[in-house]
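What the coordinates show
Here is what each chain is made of, one letter per residue.
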Amino acid sequence: MKHGLAGACLSLAVTTLASGAHAQTSTLDRVKARGELICGNHIALPGFGLQGPDGRWDGLDIDMCRAVAAAIFNDPNKIKFVPTTPQMRFVVVQAGEVDMLARNATYTMSRDTSQGMSWPIINYFDGQGFMVKKALGVTEAKGLNGASICVTQGTTTELNLADFFRSNNLKYEVIGFSTNEEGVKALEAGRCDAFTTDSSGLAAERLKFSKPDDFTILPTLISREPLGPAVKRGDESWFALVKWAHYAMLNAEEFGVTKANVDEMLKSPNPEVKRLLGVEGKFGEGLGLTNDWAYRIVKHVGNYGESFERNVGMGSRLQLKRGLNDLASRGGLQYPHPIR
């Protein structure tokens, strides 16, 4: 009897140790062993995450995933993209089904403190707005008193909507949908007076209309929406890797290092550029990467300004101004932290 109990205890101890060893395996180690990054992304949001006819995913958030893959593998295409709905986007992070989530998710206190996730950086500063048919004749948000509003369920958008109408003593009717796509189609079909989401999302969704010029985005912003990638809480090294991938792109823009000139910039006398590109120092080692990790990002993806312009900027279909997303040196909120 004693021998049986001892054997059971030993078996339990071995199982516990094995489980503990698995739990201690870092996200980076699992990604390297797998040979690809698993990235949760938007189902279909032009400029941020959209799959083209050729099957390729593109967008500002997609570039965030590609930057991380480039830093690890020297290949921005070693990624498995997992499109997620608003209701499931955080579940896949919490369950460990994706290594990172990059799909315009707002960083809020409750999400940061009670959902087991962390936001390494903010790659797009936004605010919630409204889109209406021009024929409605509404020019600002307070003119929506008594209106029916289409909104995506399971988002901070619903709370912001309620706060705005309550604080301004206005009446409204909510028409909820499970996805942005359903809500936008309802607006186009005349089932509601307005659709609300992040302002950048409105610009992206308007592109899907058969007659986009029939719709206008009201100038009023009713919230602050800091958007960025999320990772599962508990792996500080992985948190740091995703964070510094973004800061590398910001530093590259600050110092004029681009996808086109990055090889020439290896010869730069600027010590900050030398550290950025791995010519001097061993900063990649602290991330578990090679010291040319940031060079890889810029070589394959470009700097933040290039990514912004290509995907959502004035040279894109969305034609969004940099605004708050400009570098701090030009009055924006994107502040490149120093590599030293």
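As a reminder, the structure under discussion sits directly above these lines.
Anyway, here's the lowdown on the structure attached to this text. Chains are numbered independently. Their residues run from 1 in the order of the written sequence. Given that this is a predicted model, residues contribute local features only at a pLDDT of at least 70 and side-chain atom pairs are listed and counted only at 80 or more, while totals for whole chains, interfaces and linings are drawn from all residues. Note: side-chain values were computed over all heavy atoms of the structure, leaving out hydrogens and water.

With that settled, consider the pairing of strand β1 (residues 37-42). The element β1 is extensively covered by neighbouring structure, given that six of its six residues are classed as buried. Note: β1 against strand β4 (residues 79-84), six bridges, orientation parallel. When the bridges of β4 are listed, G40 appears paired with V82. Two elements, β1 and strand β5 (residues 100-106), share three bridges in a ladder whose sense is parallel. The residue of β5 that forms the bridge with G40 is L101. When accessible area is computed with a 1.4 Å probe and restricted to protein chains, residues below 20% of their type maximum are described as buried, those above 50% as exposed, and intermediate ones as partly exposed. Going along the chain from the N terminus, every DSSP run of H or I of four or more residues is numbered as a helix, and every run of E of two or more is numbered as a strand. For two strands to be treated as a pair, DSSP must find at least two bridges joining them.

For the purposes of this analysis, a disulfide is any pair of cysteine sulfur atoms at a distance within 2.5 Å. Evaluated as defined, the whole model comprises two disulfides. Two residues, C39 and C65, share a disulfide whose sulfurs are 1.8 Å apart. In this pair, C39 is assigned in strand β1 and C65 in helix α3 (residues 60-73), connecting sequence segments 26 residues apart. Like C39, the residue C65 is buried in the burial classification. Between the sulfur of C150 and that of C192 lies a disulfide, 2.1 Å long from S to S. With the S-S bond torsion at -115 degrees, the cross-link from C150 to C192 turns out left-handed. Here C150 is found in strand β9 (residues 147-152), whereas its partner C192 is found in the loop between α7 (180-188) and β11 (194-198), with 42 residues between them in sequence. Like C192, C150 is buried. In the protein chain, the bonded cysteines, taken in the order they occur along the sequence, pair up as 1-2, 3-4.

To continue, consider the packing of aromatic side chains. Working definition: rings of Phe, Tyr and Trp (its six-membered ring) pair if their centres are within 6.5 Å, and the pair is stacked with planes under 30 degrees apart, edge-to-face with planes over 60 apart, and tilted otherwise. Following the criterion strictly, the structure yields twelve aromatic pairs and no others. Ring geometry for F130 and F164: centres 6.0 Å apart, planes at 50 degrees, overall tilted. In this pair, F130 sits in strand β8 (residues 128-133) while F164 sits in helix α6 (residues 156-167), placing the two residues 34 residues apart along the sequence. In this structure, F130 and F164 share a single accessibility class: buried. Of the aromatic side chains, those joined through ring pairs into one cluster are F48, Y124, Y304 and F308.

Method remark: on a 1 Å grid restricted to protein atoms, a set of points is classed as a cavity if a 1.4 Å probe fits but cannot get out and as a pocket if it is open with protein on both sides within 12 Å along at least five of seven lines; lining residues have an atom within 4 Å of a point. Grid points are joined across faces, edges and corners, and a volume is the space filled by probe spheres set on the points. A complete count under the given rule lists three cavities of 30 Å³ or more for this structure. When its volume is computed, the largest cavity comes out at roughly 160 Å³. Residue lining of the largest cavity: 15 residues in total, with R89, T155, T157, T197 and D198 positioned closest to the centre. Of all the elements in the fold, those that place two or more residues in the lining of the largest cavity are β5, α6 and β11. Under the scheme applied here, ten amino acids are nonpolar (Ala, Val, Leu, Ile, Met, Phe, Trp, Tyr, Cys and Pro), four are charged (Asp, Glu, Lys and Arg), and all others, including Gly, are polar. Across the lining of the largest cavity, the residue classes break down as one nonpolar, ten polar and four charged.

A few words now on α7. Because each turn of an α-helix spans 3.6 residues, side chains separated by three or four positions end up pointing in the same direction. All buried positions along α7 are accounted for by N180, E181, G183, V184, A186 and L187. Within two residues after α7, G190 carries a phi angle of roughly 85 degrees, on the positive side.

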